[in-house]
Amino acid sequence: MINRTRRSLALASVAMAGTLATCGMAWGQPASDWPTRPVNIVVGFSAGGPTDVVARILAEHLTARFKQSFVVENRPGASGAVAAAQLKQANPDGYTLMFGSSSTLSIIPTLQKTSYDSVRDFTAIALVASYPYFLVVPASSPITTLDQFLQRGRDPSSQLSYASAGNGAVNHLAGEWFKRDAKINAVHVPYKGDSAAVTDLVAGRIDFAFLAGAVALPQVKGGKMRILASASATPGLGGEGVPTLGTRFKGFAAEPWNGLMGPAGVPQPIVAKLNAAVNEIMNRKDVKERLASLGQFPFTGSPQQFTDHIKSQTERWASIIKAADINTD
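All of these numbers come straight from a predicted model, not from anything done at the bench.

## Some remarks on the domain arrangement of the protein
Okay, step 1: For the protein, the assigned domains read domain 1 (39-131 + 256-324) and domain 2 (133-247).
Okay, step 2: When each unit is reduced to the centre of its C-alpha atoms, the spacing between domain 1 and domain 2 is 26 Å.
Okay, step 3: Between domain 1 and domain 2, the contact holds 15 residues from the first and 13 residues from the second.
Okay, step 4: Between domain 1 and domain 2, a total of about 1200 Å² is buried, with carbon and sulfur atoms accounting for 81% of that surface.
Okay, step 5: Interface area lost by domain 1 to domain 2 is led by Phe-297, Trp-317 and Ile-320, which between them contribute 34%.
Okay, step 6: On the surface where domain 1 and domain 2 come into contact, there are zero salt bridges.

Written out as structure tokens, the structure reads:
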């Protein structure tokens, strides 16, 4: 009886090993051979936006690096939450990835209930790039410098208005944070996206906004907007002569970022391969120049640094949301 039981256990072990081996092959194992077929990168925003553009630049170079296609798939909705939910359900074989953003990973989960946990449900692979928002005013505005802006905003008899892409958008949170630190009077006017906000800002119906370089710079070059400052913590990212808000107001930084992620459980060899490739690609001179033309900058690190950044950013934005009593209702 004992021998028969041992034999049954042995057969069960062999069967389990076979099942695991089969699963391993289905997930593209061994990991050292990855990738042997095209890789899908899900982007939670529409084509042409700041996140999508950088994702496509990275996909192009990963394709050349690994001799396999890295295909960008746009799945817009709920500030990236739709794409995140899709990634959570994917096999952790390295063939389905997501180009995650600060709003998807650190802001939306603090504003509303989501179907995912940004740390537990995903594998952080590599930080990629970030970009500072710019404090901009209409070209027709009498305000031409940051000091003039602050003087006007602090005048008890006046109240400025600022536009955002909607309640809970990064430029909404940036506006509330700036109001608090700069001690200015300003009322929030939410729009359904940056394009609608830009229309009213250019027309002078709104006093100011925080906008990404990809949105603001063409308007500035066209003589329709004026940059007063870069909402960065790092001097020099706004161009020559542009003040940096992070040096004027300690700790202030409205700099959306993005990074490459997989579902939880992606094998470590694949993570290491991708992290090394992303870090090398994003620090190439030609890639840096291409990013700079879009107002973006390399922002790289280890997988652990990526995880730590998600956590610290979540805490920071949560404090802003709580202090300003922001909700998406």
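## Some thoughts on the nonpolar core
Okay, step 1: Core analysis: the largest hydrophobic core is formed by 34 residues, its most contacted members being Leu-135, Phe-149, Phe-178, Phe-208, Phe-210, Leu-245 and Phe-252.
Okay, step 2: Elements supplying a minimum of two residues to this core: α4 (102-111), β5 (133-138), α5 (146-153), β6 (160-164), α6 (170-182), β8 (208-212), β9 (225-230) and α12 (303-324).
Okay, step 3: For this core, the element with the highest residue contribution is α6, accounting for six residues.
Okay, step 4: Three or more residues apiece are contributed to this core by two domains, here domain 1 (39-131 + 256-324) and domain 2 (133-247).
Okay, step 5: Leu-135 has contacts with Leu-146, Phe-149, Phe-178, Phe-208, Ala-209, Phe-210, Arg-226, Ile-227, Leu-228 and Ala-229, leaving out every residue within four places of it along the chain.

## Comments concerning the side chain of Asn-258
Okay, step 1: By the element assignment, Asn-258 lies in strand β10 (residues 257-263).
Okay, step 2: Apart from the residues lying within four places of it in its own chain, the contact partners of Asn-258 are Val-54, Phe-99, Gly-100, Ser-101, Leu-127, Val-128, Ala-129 and Gln-296.

## Quick notes on the packing of α6 against α12
Okay, step 1: As a packed pair, α6 and α12 sit with axes 10 Å apart at the nearest point and diverge in direction by 70°. The angle between α6 and α12 places the two elements in the roughly perpendicular class. By crossing handedness, the relation of α6 to α12 is classed as left-handed. Contacts between α6 and α12 involve Val-170, Leu-173, Ala-174, Glu-176, Trp-177 and Arg-180 from the former and Arg-316, Trp-317, Ile-320, Ile-321, Ala-323 and Ala-324 from the latter.
Okay, step 2: By residue class, the composition of the contact of α6 with α12 is nine nonpolar, no polar and three charged.

How each quantity is defined
- Residues numbered from 1 in each chain as written.
- Predicted model: local features only at pLDDT ≥ 70, side-chain atom pairs only at ≥ 80, totals over all residues.
- Heavy atoms only, no water.
- Domains from an automatic or database assignment.
- Contact = heavy atoms within 4.5 Å.
- Buried area = accessible area lost by both parts, 1.4 Å probe.
- Salt bridge = Lys/Arg side-chain N within 4 Å of Asp/Glu carboxyl O.
- Core = buried A, V, L, I, M, F, W, Y, C linked by side-chain atoms within 4.5 Å.
- Buried < 20%, exposed > 50% of the residue type's maximum accessible area, 1.4 Å probe, protein only.
- Helix = DSSP H or I, 4+ residues; strand = E, 2+ residues; numbered from the N terminus.
- Axes fitted to C-alpha atoms, helices over the stretch in contact; angles between N-to-C directions.
- Parallel < 35°, antiparallel > 145°, perpendicular 65-115°, else oblique.
- Left-handed = near helix turned anticlockwise from the far one by under 90°.
- Nonpolar A, V, L, I, M, F, W, Y, C, P; charged D, E, K, R; others polar.

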